[in-house]
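Descriptive structure summary
The primary structure of each chain is shown beneath.
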Amino acid sequence: MLRGLVRVSLTPHETRRITIASSPRDVSFVTAEGDRQLIPGAYRLTVGSGQPAAGIPGTYAP
């Protein structure tokens, strides 16, 4: 799912540090009964141009 979208324009070879805040709600889901739940465990954040399985390189953070 897409969360924390930030569009940043860079010139060639320019770098910039950005911060994207997330909350437990960002990784929660709604059950068939309508209850919001968060599955405990580790999550991996993907930063880049495509979905993880799309074959487009991205950066990952635990």
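Residues numbered from 1 in each chain as written. Predicted model: local features only at pLDDT ≥ 70, side-chain atom pairs only at ≥ 80, totals over all residues. Heavy atoms only, no water.

1. So, the pattern of salt bridges
Evaluation of the coordinates by the stated rule reveals one salt bridge. A salt bridge links E14 to R16; its shortest N-O distance comes to 3.0 Å. On the basis of relative accessibility, which here comes to 29%, the residue E14 falls in the partly exposed class. (Salt bridge = Lys/Arg side-chain N within 4 Å of Asp/Glu carboxyl O. Buried < 20%, exposed > 50% of the residue type's maximum accessible area, 1.4 Å probe, protein only.)

2. As for the confidence of the model for the protein chain
For the protein chain, the mean per-residue pLDDT works out to 80, and 77% of the residues sit at or above 70. Strand β2 (residues 36-37) holds the highest mean pLDDT among the elements of the protein chain, 94, whereas strand β4 (residues 58-61) holds the lowest, 62. (pLDDT = per-residue confidence, 0-100. Helix = DSSP H or I, 4+ residues; strand = E, 2+ residues; numbered from the N terminus.)

3. Describing the side chain of S28
Turning to its location among the elements, S28 is positioned in the segment before β1 (29-30). Judged by its relative accessible area of 10%, S28 falls in the buried class. Only 2.9 Å separates the side chain of S28 from the backbone oxygen of R25, close enough to count as a polar contact. A polar contact of 2.8 Å, which involves the side chain of S28, links it to the side chain of R36. Ignoring sequence-local partners within four residues, the contact set of S28 consists of R36, Q37 and L38. (Polar contact = N/O pair within 3.5 Å; in protein donor to acceptor, adjacent residues only side chain to side chain. Contact = heavy atoms within 4.5 Å.)

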